[in-house]
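# A closer look at the structure
Residues per chain are reported as follows:
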Amino acid sequence: MTYPFPLPAEDRATSPYTGWTRAHWEAAADGLLAAVTPYATPGQALYQLPGLRPSWSGPRSDGLEGFARTFLLAAFRVAGARGADPHGLLERYAAGFATGTRRPGGDAPEDWPRIADRSQPLVESASIALGLRVTRPWLWDQLDDGVRQRVGAWLTDGLTATPVPTNWELFPVAVGGFLAEADVERDAARAAVARGLARIEPWYTGDGWYSDGANRAFDYYNGWALHLYPALDAWLSGDSERLTRYGQRLSAHLADYAHLFGGDGAPLHQGRSLIYRFAAAAPLWLGALTGHTPLAPGTTRRLASGALRYFLDRGAASGGGLLSPGWHGRYEELAQPYSGPASPYWAAKGFLGLLLPDDHAVWTAREEPGPATADVTRAVRGPNWLLQSTVADGLVRLHNHGSEHLPPPGDPDQDDPYYARLAYSTATGPVPYGAAPDNHFGLLSDGGDRVSLRTALEPLGAGEGWAASRHRARVVGEERPDEVRITGLVLAHGAAEIRVHLVAGAAPGHTVRQTGWAAPDTSDGPGASDGPDALDDRYDRPRSELLPLHGLLTADPLPAATAFTGRAVAPALTGETTGGAAGDLFVCLARLTAEPDPPPLETLARVDVAPAEDGYEVRVAWWDGAAYRARLSARAVRVDPSIPAPLGRS
């Protein structure tokens, strides 16, 4: 693999899984920072990076974003080296602070925009404040008094600006933590910290998970924001009581979070802002930094280094060392309207581990395997997810029966592909807005060109090997007086899944469609899945299968494109409602696998369906003797283990 900047030789003795050490992290930080240097304005106050249309906040705000996010990376690099700064990073950013704050809100070329209610500068103030806090002896304390006063005054607006009611509530916490420490508007700063922490409290669902706002949006903002800012502020403040509170939540979160990384290092592809890529490593380092983690030091480094290497190996910084908007390489469909050219540099949070001294066990211990090196199903109760990993191919799959998100701006008639799908994985991506959805079950419109949304999701529980939910099925443009409800259940074992859906309230004759994973199209041979950043290894060749078992028939597959490949295909099945009093049941067997020679899908399970009181009973016998009995009705789902005879393979 050729990288856009020099990296040390691998160290397989210390890091048998990734080959990477602290020296690789330092070299990657140096390379990323060197690549952005030519794009600084003459006074160093803005970084006008190429590569994407301006965000909805405009070019000046985008330039501030470039300054703030790369400054945070520089701050972690210098603070981790205990002030050593051979590349003069802090001198550059000091000049930018002096230039940008001369007349905030002015119209000079490098004037910073002011922090206002629900504005992007409020977001960037958090990175600036955190960077100043960790480099205080070498930067803040060395600034001229006038510059310190101007920067402090600019940041002070961040204490009272109204945040978007999401993780944004924590940006004043980051600002307040620094200003209180620097003795700038101390009372107001402390009040901002307390206010922000109080506002996220109702979103804590227990077991280490927050929803990102008063909805059911579960995603990476848990780790790189909702846990990061409270726990890090408590640690930096030396507040042991707060650190215990937030540290215990962080530790519980990491017990689940570690299962979201594939055997190749890939983080699970789910949720918004995925262009932040290896920012996903931030909560792993945070656990080690604060001492609140269930993970061994070698596991922490293996997961974090695996994520960084996964992206750099696949061209995330292929444009002369600049991070592109995308997952592997450039894929603009991942960029939200608020994303600008410098937005990917939120990835700087992934370098939080550099704050740990080089003799810390997280850097010196031998790497240990991550959870994806075993066949595991794990219920995640906060979001009502079921995680499924397989050692044969290193893939991790997430079965989603509890997370949904607001629709795209201005369009209430679309599901969010990154929240509303039935399942996500470390090797596939959902198809974007406007395309027929993968991993979806719904009613087709009368013309067959639209499918019902998965809205108003109601979690019905998750347990050993299963998860269930119910939602309202709404076909846009075909509003009906009768409300159709779909109850969904997944049973997972090994790489296989049984997908069960009960449709209640639908009139006879409605077509339903079940789709599977959108995997690379290999119909023309192995070359069909190659993209500009594809690697020739098992993780990049997953295969998707659907087998109808009850109420469904095979249909034409759906072509697609995803962040992983320009040519993907999702298998599909269709069926028809009868309008029965107990509803209509549809069952299929599904699999996503990158195993070279997997057993035939039809040999993995036996499924029997029978009527039951107010609904149906589904009995599943897996190939190895494991078995479940599920009862579904319009009111409830119950799943229990049972003990059948083992299912032999032929």
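Residues numbered from 1 in each chain as written. Predicted model: local features only at pLDDT ≥ 70, side-chain atom pairs only at ≥ 80, totals over all residues. Heavy atoms only, no water.

On the secondary structure map, Arg249 appears in helix H10 (residues 240-257). For Arg249, a relative accessible area of 10% corresponds to the buried category. Of the polar contacts made by the side chain of Arg249, one reaches the side chain of Glu201; its length is 2.4 Å. When near neighbours in sequence (up to four residues on either side) are disregarded, Arg249 contacts Glu201, Tyr204, Gly208, Tyr210 and His227. (Helix = DSSP H or I, 4+ residues; strand = E, 2+ residues; numbered from the N terminus. Buried < 20%, exposed > 50% of the residue type's maximum accessible area, 1.4 Å probe, protein only. Polar contact = N/O pair within 3.5 Å; in protein donor to acceptor, adjacent residues only side chain to side chain. Contact = heavy atoms within 4.5 Å.)

On to the sheet that holds strand E9 (residues 466-474). Pairing in this open sheet of six strands is antiparallel, and the strands run E8-E9-E10-E11-E17-E14 from one edge to the other. Of all strands in the sheet, those bounded by a partner on one side alone are strand E8 (453-463) and strand E14 (543-550). Neighbouring strand axes in the sheet, compared pairwise and without regard to direction, differ in orientation by 20° on average. One ladder, built from eight bridges, connects E8 with E9; its direction is antiparallel. The residue of E9 that forms the bridge with Pro459 is Ser469. (Pairing = 2+ DSSP bridges. Axes fitted to C-alpha atoms, helices over the stretch in contact; angles between N-to-C directions.)

Pairs can form between side chains of opposite charge whenever their charged atoms are close. Throughout the structure, instances matching the rule amount to 40 salt bridges. Among the salt bridges present, the one from Asp233 reaches Arg133, with a minimum N-O distance of 2.7 Å. Note that Asp233 is positioned in helix H9 (residues 228-237) and Arg133 in helix H4 (residues 120-134), a separation of 100 residues in sequence. The pair formed by Asp233 and Arg133 is uniform in burial state, with each residue classed as buried. Among the charged side chains, a salt-bridge network with shared partners connects Arg133, Arg136, Asp141, Glu181, Asp233, Asp239 and Arg242. (Salt bridge = Lys/Arg side-chain N within 4 Å of Asp/Glu carboxyl O.)

This next bit is on the side chain of Ser15. Of note, Ser15 is situated in the segment before helix H1 (22-36). Classification of Ser15 by relative accessible area gives buried; the value is 0%. A polar contact is formed between the side chain of Ser15 and the backbone oxygen of Trp20, at a distance of 2.7 Å. Aside from chain neighbours lying at most four places away, what touches Ser15 is Trp20, Thr21, Arg301 and Glu367.

Packing of helix H5 (residues 145-160) against helix H6 (residues 171-181) leaves a shortest axis separation of 8 Å and a crossing angle of 135°. Compared by their axis directions, H5 and H6 come out oblique. Viewed along their axes, H5 and H6 form a crossing whose handedness is left-handed. Where H5 approaches H6, its residues Gly152, Leu155, Thr156, Gly158 and Leu159 are matched on the opposing element by Pro172, Val175, Gly176, Phe178 and Leu179. Grouping the amino acids of the contact of H5 with H6 by side-chain chemistry returns six nonpolar, four polar and no charged. (Parallel < 35°, antiparallel > 145°, perpendicular 65-115°, else oblique. Left-handed = near helix turned anticlockwise from the far one by under 90°. Nonpolar A, V, L, I, M, F, W, Y, C, P; charged D, E, K, R; others polar.)

By themselves, these are just geometric observations and shouldn't be taken as functional.
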